[in-house]
Amino acid sequence: QVQLVESGGGLVQVGDSLRLSCAASGFSVSSHAMGWFRQSPGKERESVAAISRSAISIYYADSVKGRFTISRDNARNTVSLQMNSLKPEDTAVYYCAAKRTAALGVQKELYDYWGQGTQVTVSS
């Protein structure tokens, strides 16, 4: 059974850091492009970061560029999102997603598997 489980969310202060992890089971992240998305109340789910299957191509939304880092650990079958210098506007539910093709993707419609999400709240 394919499953993605996010962890690492929580309540933090402005400027703090968090590291989100996504553990995959039922498939290998090494054979998938992976992405992190987020969704705030009343807003569309948006791409935050994505990494191609080879990890050669990486995408970051302009709003997180220079602050967030996506990485993959194929041996552990996990994908992580390091978030630094957090801002109140980063508050959202963060989702991990996997797509079966090699190229990274920004559109959520391209992804085949989704986790349940983890809440990140940045308090000012």
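Placed above this text is the structure.
Please read all numbers here as calculations on a predicted model, not as lab measurements. (Residues numbered from 1 in each chain as written. Predicted model: local features only at pLDDT ≥ 70, side-chain atom pairs only at ≥ 80, totals over all residues. Heavy atoms only, no water.)

A. View of the overall build of the chain. Across its full length, the chain carries zero helices and eleven strands. Along the chain, helices and strands appear, N-terminal first, in the series β-β-β-β-β-β-β-β-β-β-β. What you see for the chain is a C-alpha radius of gyration of 13 Å, in line with the 14 Å of a compact globule of 124 residues. By its C-alpha atoms, the chain is 40 × 30 × 25 Å across when sized along the principal axes. Counting only contacts in the chain whose residues sit at least 6 apart along the sequence, the fraction spanning at least 24 positions is 61%. Carbon and sulfur atoms make up 47% of the accessible area of the chain, which totals about 6,200 Å². Averaging the positions of the 13 positive and the 10 negative side-chain charges in the chain gives two centres separated by 5 Å. (Helix = DSSP H or I, 4+ residues; strand = E, 2+ residues; numbered from the N terminus. Rg over C-alpha atoms; globule rule 2.2 N^0.38 Å. Contact = heavy atoms within 4.5 Å. Areas by Shrake-Rupley, 256 points an atom, 1.4 Å probe, with all protein chains shown as cover. Lys, Arg positive; Asp, Glu negative; His and termini not counted. Charge placed at Lys NZ, Arg CZ, Asp CG, Glu CD.)

B. Spotlight on the pairing of strand 9 (residues 92-99). Across the eight residues that make up strand 9, a large majority, seven, are buried. By the bridge criterion, seven bridges tie strand 4 (residues 33-39) to strand 9 in an arrangement that is antiparallel. Paired with Gly35 across the bridge in strand 9 is Ala97. Across two bridges, strand 9 lies against strand 10 (residues 113-114) in antiparallel orientation. If you follow Ala97 over to strand 10, its bridge partner there is Trp114. (Buried < 20%, exposed > 50% of the residue type's maximum accessible area, 1.4 Å probe, protein only. Pairing = 2+ DSSP bridges.)

C. View of the side chain of Asp90. Residue position: Asp90 is located in the loop between strand 8 (78-83) and strand 9. When near neighbours in sequence (up to four residues on either side) are disregarded, Asp90 contacts Arg38, Val64, Arg67, Phe68, Ser85, Val120 and Val122.

D. Broad picture of the packing of aromatic side chains. Tallied over the entire structure, the rule returns five aromatic pairs. Where Phe27 meets Tyr113, the ring centres are 5.2 Å apart and the plane angle is 45 degrees; that geometry is what we call tilted. On the criterion of sequence distance, the pair formed by Phe27 in the loop between strand 3 (18-25) and strand 4 and Tyr113 in strand 10 is long-range, its members being 86 residues apart. Here Phe27 matches Tyr113 in class, with each residue buried. One aromatic cluster is present, formed by Phe37, Tyr95, Tyr111 and Trp114 through successive ring pairs. Arg45 extends its terminal NZ or CZ atom over the ring of Trp114, reaching a point 4.9 Å from the ring centre. (Phe/Tyr/Trp six-rings, centres within 6.5 Å; stacked < 30°, edge-to-face > 60°. Lys NZ or Arg CZ within 6 Å of the ring centre and 35° of its normal.)

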